[in-house]
Amino acid sequence: MAGDPDQCTLEEDYYTLLNVSKDATNDEINNAYRRLSLTYHPDKHIDPDQKKWAENIFNRVKTAYNVLSDPRQRAIYDTLGTKGLETDGWEVVQRTKTPLEIREEYERLAREREERKLQRSTNPKGSTTVSINATDLFNRYTDEYGIDTQSGLPVLEVSGINTSHSVEAPVTLNDTVTLSCNISTENGTGVGSLNVSNRRTFEHGWAELDFGFGNGPLTSLKIFRTLTKSLFFTGAGGLQFSSHGIHPSFVSNLAYQLDERTVGYLTYKAGSNSSMSTSLLHETENYRVNLTMLCGLPHSYISTTYTRKMIQAEIKILVSIKIGTFGAVGEYGVEKRISQHTNLSGSVTIGVPTGIFLKIKLTRGFQTFIFPIHLCDEVLLAPVFYATVVPLVSWLAVKKFIIDPINREKENREIRKNRENNKAKMEEMRREAIWATKLMHEMYNRVHNEETKNKGLIIIKALYGKLPSGVTQHNVDKEDDGENDSLPDDVIDVTVPVQCLVKNSKLVLQISSKAQLPGFYDTCLGEDKHLSIKYHYIDEIYTCTISDEESLNIPS
């Protein structure tokens, strides 16, 4: 895919080759095939070189037509692409009758492959929390006369560290064993625990049995069950054995799907901190709202959280407030996806009487690192300002001088690697595009003359490839001298192929990369490409530019 070096590919796109949509009817596919056959059928050419290249192109067109005109092959191609046609796809064809059955069969085979893959792998997870006391930055200790008794720079202290790790090991298709450990220290005192659990999945839920050792042995049983299509139950009961006796605990949760985007929860917890809570979660593509009310011991509260999702920028903005018997807490923060497997978030918490906290969270794959920083015991303007501005400025600096250069170098490295791996095929595609354009001249003259006679759509100039830096379209206003030597290496003249795609004074291009249209080729694999067209229609001249995978319908 253009602009994404990790996903760029040279796999054949049959829909693009025929210039039809993915929901095209059989008549549309037949018409596209006949139209291309008029240009590329080998019997229409005498010159040996022309005949050779026409045969190559026609074979590709015929293959595309044979696949898309056959419902079974088309279903396989739509599901797995050309690889599905080359191997297992044919086995499925022998056992199935309809495209729907083929898709369902492939989905089942894909699930089985994933399950077999899961059996051969483990899933390590880890989380580390480092609590930092930075109150000395804003609340220096003073004696009874208000005199600062400390000298030198403010002192930052690590008040606590908590780290937990787990490894999942699938034993059978239905059983997964998890080994986890947790170690935490605070103010010089440390505790640890070791847990082993086995989760078994059933048709309508799962059950998990846990055994652990920490402050005495413990055991628990967790159950999840789908009660109806919209009602779900989760329950957990446990026993903690210590020198002070046996401490039972119990938690139950009912979840009800109120509508497509809204879920209600009712939770009851019994034990040392008994409580009952109800919450409502409403989530859409662009935002999430969570309302919670809890009554319990020693505290009760009501809270609301709003999260705004900025999908294009891969950013989430969070605002929440909690009010209860302990006081009040407000929080605001932002989360940013900085790479495929890495998220970075920061939030500021302002509470009474808890004070002001800054929390930095970094998630990399299955590892999470959290840094809660206690800035001040009181609500003051200065720590709120610095907690907001300093992380933001630091992030912008790190992004500009470290992350962006690393990402650019990674993308360039992937692009160079892909180009090197596909060098021979790209050169073959370039030569084929040149010959395809030569073979189009008869059709080009016929279409051009018809459109001129009818005062229809005449393509004056069309250029395809990478845009020059700082501009929004290719230079289609330059006079055509019949030579392409003045064009950059990553831009090609596609005036003839585009004119040949005009039908009844209309040009329609589908939502797909234009690189596989006849007469086109990928000039810069892995980079963004654009198509700029200058055309004449009913005594007026127009220009337009579209990105590589954007659709086009002119005149509109």
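Before going into details, it helps to say that this report is about the structure given with it. (Residues numbered from 1 in each chain as written. Predicted model: local features only at pLDDT ≥ 70, side-chain atom pairs only at ≥ 80, totals over all residues. Heavy atoms only, no water.)

**Examining the nonpolar core**
One finds L18, L507 and I533 to be the most contacted residues of the largest nonpolar core, which totals 51 residues. Not counting chain neighbours up to four residues away, the residues in contact with I533 comprise I459, K461, A462, V476, V498, L507, Y542, T543, C544 and L552. Of all hydrophobic cores here, the second largest spans nine residues; its members include A134, V348, L375 and A387. (Core = buried A, V, L, I, M, F, W, Y, C linked by side-chain atoms within 4.5 Å. Buried < 20%, exposed > 50% of the residue type's maximum accessible area, 1.4 Å probe, protein only. Contact = heavy atoms within 4.5 Å.)

**Notes on the packing of helix α2 (residues 26-40) against helix α3 (residues 48-68)**
Two measures define how a pair of helices packs: the angle their axes make with one another and the distance between the axes. For the pair α2 and α3, interaxial distance at closest approach is 10 Å and the crossing angle is 170°. Taken together, the axes of α2 and α3 lie roughly antiparallel to each other. Here N26, I29, N30, Y33, L36, S37 and Y40 of α2 lie close against α3, whose contacting residues are A54, E55, I57, F58, V61, K62, Y65 and L68. A class-by-class count of the residues in the contact of α2 with α3 yields 10 nonpolar, three polar and two charged. (Axes fitted to C-alpha atoms, helices over the stretch in contact; angles between N-to-C directions. Helix = DSSP H or I, 4+ residues; strand = E, 2+ residues; numbered from the N terminus. Parallel < 35°, antiparallel > 145°, perpendicular 65-115°, else oblique. Nonpolar A, V, L, I, M, F, W, Y, C, P; charged D, E, K, R; others polar.)

**Points about the pairing of strand β13 (residues 315-324)**
With 10 bridges connecting them, strand β12 (residues 301-310) and β13 associate as antiparallel partners. Looking across to β13, one finds that Y301 is bridged to G324. Taken together, the 10 bridges between β13 and strand β14 (residues 327-339) define a ladder with antiparallel strand orientation. Looking at β14, one finds that K316 is bridged to E335. (Pairing = 2+ DSSP bridges.)

**A closer look at a nonpolar patch on the surface**
On the surface, L227, F250, L254, L266, Y268 and M276 cluster together into a nonpolar patch covering about 520 Å² of accessible area. Residue assignment for the nonpolar patch shows that the elements contributing at least two residues are β8 (245-259) and β9 (262-270). Positionally, Y268 belongs in strand β9. (Patch = residues over 30% accessible without salt bridge, like charges linked within 9 Å, V, L, I, M, F, W, Y side chains within 5 Å. Areas by Shrake-Rupley, 256 points an atom, 1.4 Å probe, with all protein chains shown as cover. Salt bridge = Lys/Arg side-chain N within 4 Å of Asp/Glu carboxyl O.)

**Concerning unusual backbone geometry**
Cis geometry marks the peptide bond from L297 to P298; its omega dihedral reads 5°. Its location among the elements puts P298 in the loop between β11 (287-296) and β12. Cis geometry is adopted by the peptide bond preceding P555, which originates at I554 and carries an omega value of -5°. Structurally, P555 can be placed in the segment after β23 (552-554).

**Some words on the packing of aromatic side chains**
By convention here, two paired aromatic rings are described through the distance between centres and the angle between planes. Overall, the coordinates contain 13 aromatic pairs when judged by the stated rule. Measuring from ring centre to ring centre gives 4.1 Å for Y33 and Y65, while their planes differ by 15°; the resulting arrangement is stacked. Within this pair, whereas Y33 is found in helix α2, its partner Y65 is found in helix α3, the two being separated by 32 residues in sequence. For Y33, a relative accessible area of 16% corresponds to the buried category. Geometrically, the ring pair formed by W53 and W435 is stacked, given 6.5 Å between the ring centres and 10° between the ring planes. In this pair, W53 sits in helix α3 while W435 sits in helix α9 (residues 423-439), placing the two residues 382 residues apart along the sequence. Under the relative-accessibility criterion, W53 is labelled buried at 7%. One cation-aromatic arrangement involves K322 over Y301; the distance from NZ or CZ to the ring centre is 4.5 Å. When the ring centre of W435 is taken as reference, the NZ or CZ atom of K438 above it lies at 4.5 Å. (Phe/Tyr/Trp six-rings, centres within 6.5 Å; stacked < 30°, edge-to-face > 60°. Lys NZ or Arg CZ within 6 Å of the ring centre and 35° of its normal.)

**Observations regarding the packing of α3 against helix α4 (residues 71-80)**
The geometry of α3 relative to α4 is characterised by a closest axis approach of 6 Å and an angle of 105° between their N-to-C directions. As far as their axial angle goes, α4 and α3 are roughly perpendicular. Contacts between α3 and α4 involve N66, V67 and L68 from the first element and Q73, R74 and Y77 from the second. Considering only residue class, the contact of α3 with α4 consists of three nonpolar, two polar and one charged.

**A short note on the environment of E157**
In this structure, E157 sits in strand β2 (residues 157-170). Its relative accessible area of 45% is what places E157 among the partly exposed residues. Separated by 21 residues in sequence, E157 and D136 have C-alpha atoms that sit 9.2 Å apart. Those residues in contact with E157 that lie beyond four places of it in its chain are S131, I132 and N133.

**Quick look at α2**
Taking 1.5 Å per residue as the helical rise, α2 with its 15 residues ought to reach 21 Å, and the 21 Å between its terminal C-alpha atoms agrees with that figure. Every buried residue belonging to α2 is among I29, A32, Y33, L36, S37, T39 and Y40, and all of these are buried. Projected down its long axis, α2 shows its buried positions confined to an angular sector of 155°, all on one face. Exposed residues on α2 whose side chains face more than 90 degrees from its buried face are D27 and L38. Taken together, the buried residues of α2 touch α1 (14-18), α3, α4, α9 and α10 (441-453). (Expected span 1.5 Å × (residues − 1). Arc of directions from axis to C-beta.)

**Comments concerning the pattern of salt bridges**
Applying the stated criterion across every chain, the model contains 20 salt bridges. Among the salt bridges present, the one from D210 reaches K222, with a minimum N-O distance of 3.6 Å. Residue D210 is located in strand β5 (residues 205-214), and its partner K222 is located in strand β6 (residues 216-226); the two are separated by 12 residues in the primary sequence. The closest approach of N and O atoms between D493 and K461, which form a salt bridge, is 3.1 Å. Placement of the pair is D493 in strand β19 (residues 491-493) and K461 in strand β18 (residues 457-465), with a sequence separation of 32 residues. Take D493 and K461: they sit in the same class, and that class is buried. Put simply, R199, E208, D210 and K222 are held in one network by salt bridges that share partners.

**Observations regarding the sheet that holds strand β21 (residues 530-537)**
If you trace the four strands from one edge of the open sheet to the other, you get β19-β18-β21-β22, paired in antiparallel fashion. Either end of the sheet is taken by a strand with one partner, and the two such strands are β19 and β22 (540-547). Between one strand and the next, the sheet's axes are offset by a mean angle of 15°, whatever the strand orientation. One ladder, built from eight bridges, connects β18 with β21; its direction is antiparallel. By the bridge assignment, I458 is partnered in β21 with H536.

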